[in-house]
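Reading the structure
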Amino acid sequence: MSDARNLAQDLVVLGKLAGVHGVRGALKVLSWTDPREEILELGPWLLGKPDDQQVLDKYRPVELASGRIQGKSLVVTLAGINDRDQAEALSGQIIAIRQQDLPPADQNSWYWRDLLELQVVTLGGHDLGRISKIMPTGANDVLVVKGDRERLIPFVLEQYIKQIDLEAGVITVDWDR
C-alpha cells in the first residue's frame, strides 16, 4: 500500500495541458503562473490526472524538451512525446512541481498559497476572518476574507495591506469593519 500524501503539502499546481498542437506531439499549456510563461522556467514538471490531485505518488515526472509563447498561448514539447496520439493521451493532465523546487519569493512578493488561510486583522486589532481565496482582477489582486461576513480587500501594499507576518499567520490591513 502506498503512502498517499496530501498534494497541497508537497506539490504546487502550475497549470494543465490544455490540448494538442499540430501533429508532432506538441501540447498547448494553460498556465496559472504570473507571468504565464514563468511555467517554462519552473521544474521539474510532474503530471497527474485532475482526479488524482490529492495523491502525490500518482504524479509522474516528465522532461520539458522545449517551450515557447505562441500568440496568446504557450506550446511545449515533452521528451519522448513525438506524435499527436501520444500528446492527446496527456491532454487535460495537471502540471505541478514539488514545493521545494519553487524559487524563493522576492522581497515584498508572496506565493498565493502562503497567504491562504492567514488571519486578517485591522490596525485596531479587529479580527476580520481568514483569507479563503485570492482573485486576480487585472489592476491588483483581491483577498477574499471570510469571517462574520465576506469581505473583498484589494491587495495593495502600503495603502490597504500594512503588514504580512507569515510566521505569525497574520495580515494587518487598513480596512473598515
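Residues numbered from 1 in each chain as written. Predicted model: local features only at pLDDT ≥ 70, side-chain atom pairs only at ≥ 80, totals over all residues. Heavy atoms only, no water.

1. Points about unusual backbone geometry
P35 follows D34 through a cis peptide bond whose omega is 0 degrees. Checked against the element boundaries, P35 lands in the loop between β2 (26-31) and β3 (45-48). Cis geometry is adopted by the peptide bond preceding P44, which originates at G43 and carries an omega value of 5 degrees. Along the chain, P44 falls in the loop between β2 and β3. Of note in the backbone geometry, E117 takes a positive phi value of approximately 75 degrees without being a glycine. Along the chain, the position of E117 falls in the loop between α3 (112-115) and β8 (119-122). (Helix = DSSP H or I, 4+ residues; strand = E, 2+ residues; numbered from the N terminus.)

2. Description of the sheet that holds β3
Across the sheet, which stays open at both edges, the seven strands sit in the order β4-β3-β7-β1-β2-β6-β5 with antiparallel pairing between neighbours. If you trace the sheet from one side to the other, it starts and ends with β4 (60-62) and β5 (64-70), each paired once. Ignoring which end each strand starts from, the neighbouring axes of this sheet average 40 degrees apart. In this structure, strand β1 (residues 11-21) lies alongside strand β7 (residues 94-98), joined through five bridges in antiparallel fashion. (Pairing = 2+ DSSP bridges. Axes fitted to C-alpha atoms, helices over the stretch in contact; angles between N-to-C directions.)

3. Some details on the nonpolar core
The nonpolar side chains of a soluble globular protein tend to be buried, and buried together. Ranked by internal contacts, the top residues of the largest apolar core, which has 21 residues, are L17, L27, V29, I39, W45, V76 and L78. Residue assignment for this core shows that the elements contributing at least two residues are β1, β2, β3, β6 (73-78), α2 (84-90) and β7. In terms of residue count, the dominant contributor to this core is β1 (four residues). In contact with I39, other than residues within four places in its own chain, are L14, G15, V29, S31, T33, W45, L74 and I95. Counting residues in hydrophobic clusters, the runner-up holds 14 residues, among them I131, I134, V145 and V173. (Core = buried A, V, L, I, M, F, W, Y, C linked by side-chain atoms within 4.5 Å. Buried < 20%, exposed > 50% of the residue type's maximum accessible area, 1.4 Å probe, protein only. Contact = heavy atoms within 4.5 Å.)

4. So, the environment of V13
Structurally, V13 is set in strand β1. Given the relative accessible area of 29%, V13 is considered partly exposed. When the C-alpha positions of V13 and R98 are compared, they lie 8.8 Å apart, and in sequence the two are 85 residues distant.

5. Focus on the environment of N82
Along the chain, the position of N82 falls in the loop between β6 and α2. When neighbours within four sequence positions are excluded, N82 is seen to be in contact with V23, R24 and G25.

6. Here we look at the packing of aromatic side chains
For any pair of aromatic rings, the description rests on two quantities: the centre-to-centre distance and the angle between the ring planes. This model, assessed by the stated rule, comprises two aromatic pairs. Consider the rings of W110 and F155, whose centres lie 6.0 Å apart with planes at 80 degrees: the pair is edge-to-face. With W110 in the loop between β7 and α3 and F155 in the loop between β11 (150-154) and β12 (161-165), this pair connects stretches of sequence that are 45 residues apart. Both rings, one in Y160 and one in W175, keep their centres 5.3 Å apart while their planes meet at 80 degrees; by these two values the pair is edge-to-face. With Y160 in the loop between β11 and β12 and W175 in the segment after β13 (170-173), the pair connects residues that are 15 residues apart, well separated along the chain. (Phe/Tyr/Trp six-rings, centres within 6.5 Å; stacked < 30°, edge-to-face > 60°.)

7. Structural notes on the confidence of the model for the protein
Summary statistics for the protein give a mean pLDDT of 89 and a share of 92% for residues scoring 70 or more. Low pLDDT, under 50, characterises residues 1-8; the predicted model gives this stretch 14 contacts beyond four residues in sequence or across chains. (pLDDT = per-residue confidence, 0-100.)

8. What to know about the sheet that holds β12
The six strands are arranged β11-β10-β9-β8-β13-β12 in an open sheet whose pairing can be described as mixed. The sheet terminates laterally at β11 and β12, the two strands that pair on one side only. Recorded for the sheet is a direction-independent mean angle of 35 degrees between the axes of neighbouring strands. As paired strands, β8 and β13 are joined by four bridges and run parallel to one another. Bridge pairing in β13 places T122 opposite V173.

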